[in-house]
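Close look at the chain arrangement
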Amino acid sequence: MAEREKELAVVCSQEQLAEGIFSMWIRTKAAMTAMPGQFLSMYTNDKSKLLPRPISICEIDREKGMIRVVYRVTGEHTGTEEFSRMREEDTLPVIGPLGNGFPLEEARGRKAFLIGGGIGVPPILELAKQIDCEKQIIVGYRDDQTFLKKEFEQNGAVYISTEDGSVGTAGNVMDAIRENALQADIIYACGPTPMLKAIKAYAKEQEIPCYISLEERMACGIGACLACVCKSKDKDHHSHVHNKRICKDGPVFLSTEVEL
Ligand code: FES
């Protein structure tokens with residue numbers, strides 16, 4: 001993929017959805033071509049922070065040329081904290097869309113699980129809006145701050161799990177699948193590594209294809225820090241093990257292609 005230019009995006013709105021979780025609509029050219037599962041690398045205006053933050057795309061409004069990002073503030077004096085303080089008409093440099101995104105065609109005519117956990121929940125929303133199949137959306141949260149729930153309910157059957165048991169199934173997304181006796185013949189998922197491991201094992205057992213986004217393991221998003229390297233099995237080379245950069249080769253992989 002050719003290196004892309006930085007572009008100055010304009011903040012259209014900003015709101016807080018839950019503790020530490022913010023939603024921002026920005027006007028950017030990336031909206032013209034972005035697809036579900038891709039991300040933007042967003043720079044702060046603080047020159048001491050040279051590397052951008054990869055932030056997943058939550059919603060795309062092509063007509064208005066806008067993208068919604070829903071992100072977690074990772075601490076004080078961080079890039080994400082600076083994003084959360086931005087207001088309408090503020091500008092920030094972005095590069096994108098980046099990454100491969102979820103393959104949508106594979107799901108046609110099938111019954112799918114669309115699974116998101118924690119800060120892996122947001123990219124599942126645009127996926128749920130665009131994918132053409134029978135959708136069962138399973139989203140896992142820590143507590144009753146179930147951000148984006150209403151939007152999910154407009155796009156499929158929604159099942160919720162919470163770690164503290166305050167909403168839906170007590171436990172994780174796999175517990176919600178079991179409790180509701182859900183079944184699927186293809187899986188799309190994004191979330192923390194332990195969740196993806198469990199989903200990968202389930203997909204193997206069920207013998208169904210499973211696409212996972214490893215975006216939570218990215219740091220710079222532009223191939224500069226090597227923090228995202230993972231082991232992958234390259235089928236074309238007779239199961240030789242290769243290292244892949246999640247931000248360049250992914251973030252979406254077939255679960256059988258990568259070691260978690
Ligand atoms: Fe930095 Fe991939 S996230 S190299």
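Note that the structure is predicted; figures quoted are calculated from it, not measured.

Comments concerning the sheet that holds strand β10 (residues 169–170)
Sheet architecture is open: seven strands sit in the order β10-β9-β8-β7-β11-β12-β15, paired in mixed fashion. Where the open sheet ends on each side, the last strands, each with one partner, are β10 and β15 (252–254). Pairing of strand β12 (residues 210–213) with β15 involves three bridges; the strand directions are antiparallel. Its bridge partner being in β15, tyrosine 211 is matched across the sheet by leucine 254. The sheet strands contacting helix α2 (residues 122–130) are β7 (111–117), β8 (134–141) and β11 (186–190), and the helix crosses β7 at an angle near 160°. Of the strands in this sheet, β7, β11 and β12 are in contact with helix α5 (residues 193–206), which crosses β11 at around 170°.

Side note on the sheet that holds strand β2 (residues 21–27)
Within a sheet, each strand pairs with its neighbour through backbone hydrogen bonds, oriented either parallel or antiparallel. In space, the six strands of this closed barrel follow the order β1-β2-β5-β4-β3-β6, with antiparallel pairing throughout. Strand after strand, the sheet turns through a mean of 45° between neighbouring axes, direction not considered. Bridge count between strand β3 (residues 39–42) and strand β4 (residues 53–61): four bridges; the pairing is antiparallel. Following the sheet pairing, leucine 40 is matched in β4 by isoleucine 55. α2 contacts β4 and β5 (66–72) of the sheet and is inclined by roughly 30° relative to β4.

Describing the packing of aromatic side chains
Applying the stated criterion across every chain, the model contains six aromatic pairs. The interplanar angle of 25° and the centroid separation of 6.1 Å between the aromatic rings of phenylalanine 22 and tyrosine 71 together place this pair among those described as stacked. A residue pair is termed long-range when its members are at least 10 positions apart, and phenylalanine 22 in strand β2 and tyrosine 71 in strand β5 qualify at 49 residues. Assigned by exposure class, phenylalanine 22 and tyrosine 71 land together as buried. For the ring pair tyrosine 141 and phenylalanine 147, a centre distance of 5.2 Å and an interplane angle of 85° mean the geometry is edge-to-face. Phenylalanine 147 matches tyrosine 141 in its accessibility class, with the two residues each being buried. The rings of Phe22, Tyr71 and Phe83 are connected pair by pair, giving a single aromatic cluster. Its end group placed over the ring of tyrosine 43, lysine 6 keeps NZ or CZ at 4.2 Å from the ring centre.

The rules behind the values
- Note that residues are indexed from 1 along each chain, following the sequence as it is written.
- For this predicted model, a pLDDT threshold of at least 70 governs which residues receive local features, and a threshold of 80 or more governs which side-chain atom pairs are given and counted, while totals over whole chains, interfaces and linings are taken from all residues.
- In computing side-chain properties, one takes all heavy atoms of the structure into account and sets aside hydrogens as well as water.
- Paired strands, as defined in this entry, are two strands with at least two bridges between them according to DSSP.
- We count a stretch as a helix when DSSP gives it H or I for four or more residues in a row; a strand needs E for two or more, and each element gets its number in order from the N terminus.
- It only takes one pair of heavy atoms within 4.5 Å for two residues to be counted as in contact.
- Note on geometry: axes are lines fitted to C-alpha atoms, helical ones only across the stretch in contact, with angles between N-to-C directions running from 0 to 180 degrees.
- Pairs were defined over the aromatic rings of Phe, Tyr and Trp, the Trp ring being its six-membered one, requiring ring centres within 6.5 Å. Orientation was assigned from the angle between planes: stacked under 30 degrees, edge-to-face over 60, tilted for the rest.
- Think of it in three bands: with a 1.4 Å probe and only protein chains considered, a residue is buried below 20% of the maximum accessible area for its type, exposed above 50%, and partly exposed in between.
- Think of it as a cone above the ring: NZ of Lys or CZ of Arg counts as a charge over the ring if it is within 6 Å of the ring centre and within 35 degrees of the ring normal.

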